[in-house]
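Per-entry structural report
Residues per chain, in single letters:
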Amino acid sequence: MSGGKKFYSKVQRWADEFKLAIYGAILATKKKRFLITFLISFIVFGTLLNMLAGGSASFNLFIHVDFVGKLEILRDAFLGTFGVNRIFVDWIFIFIVTILQSVLISLVVFVFKYRKDSANIQNVGIVTGLIILGSGCPTCGTTILAPIIISIMGSSGMAVAGTISWILTAASIIIALLALKKVGFETYAILMEEKYKEKKGKK
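Thresholds, definitions, all that
- Residues numbered from 1 in each chain as written.
- Predicted model: local features only at pLDDT ≥ 70, side-chain atom pairs only at ≥ 80, totals over all residues.
- Heavy atoms only, no water.
- Helix = DSSP H or I, 4+ residues; strand = E, 2+ residues; numbered from the N terminus.
- Buried < 20%, exposed > 50% of the residue type's maximum accessible area, 1.4 Å probe, protein only.
- Contact = heavy atoms within 4.5 Å.
- Areas by Shrake-Rupley, 256 points an atom, 1.4 Å probe, with all protein chains shown as cover.
- Salt bridge = Lys/Arg side-chain N within 4 Å of Asp/Glu carboxyl O.
- Axes fitted to C-alpha atoms, helices over the stretch in contact; angles between N-to-C directions.
- Parallel < 35°, antiparallel > 145°, perpendicular 65-115°, else oblique.
- Nonpolar A, V, L, I, M, F, W, Y, C, P; charged D, E, K, R; others polar.
- pLDDT = per-residue confidence, 0-100.
- Phe/Tyr/Trp six-rings, centres within 6.5 Å; stacked < 30°, edge-to-face > 60°.
- Left-handed = near helix turned anticlockwise from the far one by under 90°.
- Patch = residues over 30% accessible without salt bridge, like charges linked within 9 Å, V, L, I, M, F, W, Y side chains within 5 Å.
- Polar contact = N/O pair within 3.5 Å; in protein donor to acceptor, adjacent residues only side chain to side chain.
- Core = buried A, V, L, I, M, F, W, Y, C linked by side-chain atoms within 4.5 Å.

Assigned secondary structure in the chain consists of eight helices and zero strands. Starting at the N terminus, the α and β elements of the chain follow one another as α-α-α-α-α-α-α-α. Burial analysis of the chain (203 residues in total) assigns 38% to the buried set. A fraction of 74% describes how many contacts in the chain between residues 6 or more apart in sequence connect residues 24 or more apart. When the accessible surface of the chain is split by element, carbon and sulfur atoms take 70% of a total near 11,800 Å².

So this is what it looks like as structure tokens:
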């Protein structure tokens, strides 16, 4: 087999496994464990990213306001996950990474019940770190990076921080998709194994 055919075969195999991974994730939505974890992850992670997108001022305000004020800030951050009072470009990135991260966490929790693979948990942790650093929002995601870079480079560092934010966000999505392929494929294998055992048990 020539080099070109080998490469095409590997790409085809990767694509087939990714399709099965997506199918596994879809099948997992029928499981109560997955749905509960997804809902909690979506609420917590989406709210956190929206607060980060608002800058450090959001957290400073959250610390100093009363209980009712805290609830209002959390409410606004949560609603921001659905695009309320958000610019579309900023919102769509936060929404995508929130969905990806929530699916990943839910799949890891599901798989962990059957196979305690710490590598998957580590991959999800890497994705989380990159997303938070980029704040899931390229146009407003310089929240964490800008103060550090500006202190080193001066005002010109703002553009650099914005570029790095874009890179981190893109990297987080790529790693999330790669992790989704791995853990999603494991989920598919587990569910097919369960289905086979159920049929065998009935017979």
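Attention now goes to the pattern of salt bridges. Across all of its chains, the model carries four salt bridges by this definition. Arg-75 is the salt-bridge partner of Asp-76, the closest N and O atoms lying 3.1 Å from each other. Overlapping salt bridges, with partners in common, bring together Arg-13, Glu-17 and Lys-181 in one network.

Phi angles above zero are rare outside glycine, and Asn-85 is one such case at about 60 degrees. Following the sequence through the fold, Asn-85 ends up in the loop between helix 4 (67-80) and helix 5 (88-112). Taking relative accessible area as the criterion, Asn-85 reaches 78% and is therefore assigned exposed.

Quick look at the packing of helix 2 (residues 32-53) against helix 4 now. Orientation of helix 2 relative to helix 4, taken along the N-to-C sense of each, is 100 degrees, at an axis distance of 8 Å. Compared by their axis directions, helix 2 and helix 4 come out roughly perpendicular. For the pair helix 2 and helix 4, the contacting residues are Ile-43, Gly-46, Thr-47, Asn-50 and Met-51 in the first and Ile-73, Leu-74, Ala-77, Phe-78 and Gly-80 in the second. In terms of residue class, the contact of helix 2 with helix 4 is made up of six nonpolar, four polar and no charged.

In this model, the chain carries an average pLDDT of 73, and 66% of its residues clear a pLDDT of 70 or more. At the level of individual helices and strands, the chain shows its lowest average pLDDT in helix 6 (residues 118-134), which scores 48, and its highest in helix 4, which scores 87. Long-range and interchain partners of residues 126-150, a stretch whose pLDDT sits below 50, account for 82 contacts in this model, where long-range means more than four residues apart.

Turning our attention to the packing of aromatic side chains. Two aromatic rings are characterised by how far apart their centres lie and by the angle between their planes. Counted by the stated rule, this structure contains nine aromatic pairs. Pairing Phe-42 with Phe-82 gives two aromatic rings, centres 5.6 Å apart and planes at 55 degrees, and the pair type is tilted. Separated by 40 residues along the polypeptide, Phe-42 in helix 2 and Phe-82 in the loop between helix 4 and helix 5 bring together distant segments of the chain. With centroids separated by 6.3 Å and ring planes inclined at 85 degrees, the aromatic side chains of Phe-42 and Phe-95 adopt a geometry described as edge-to-face.

Running from N to C, helix 2 and helix 5 cross one another at 145 degrees; their axes reach a closest spacing of 8 Å. For the pair helix 2 and helix 5, the crossing hand works out as right-handed. Class assignment of the residues belonging to the contact of helix 2 with helix 5 gives a composition of 15 nonpolar, eight polar and one charged.

Attention shifts here to a nonpolar patch on the surface. A cluster of nonpolar residues, Ile-36, Leu-39, Ile-40, Ile-43 and Val-44, forms a patch on the protein surface that exposes about 450 Å² of accessible area. As for its placement among the helices and strands, Leu-39 is situated in helix 2.

Our focus in this paragraph is the side chain of Thr-98. With respect to the element layout, Thr-98 can be found in helix 5. When its relative accessible area of 0% is taken as the criterion, Thr-98 is described as buried. Here Ile-94 takes part through its backbone oxygen, which lies 2.6 Å from a polar atom of the side chain of Thr-98. Once you skip the residues sitting within four places of it in the chain, Thr-98 turns out to touch Phe-42, Phe-45, Gly-46, Leu-49 and Thr-81.

The next point concerns the nonpolar core. Residues Leu-49, Leu-104, Leu-107, Leu-180 and Val-183 are the most contacted members of the largest nonpolar core, which totals 25 residues. For this core, the elements supplying multiple residues, two or more each, are helix 1 (3-28), helix 2, helix 5 and helix 8 (157-202). Top element by residues in this core is helix 5. It accounts for ten residues.

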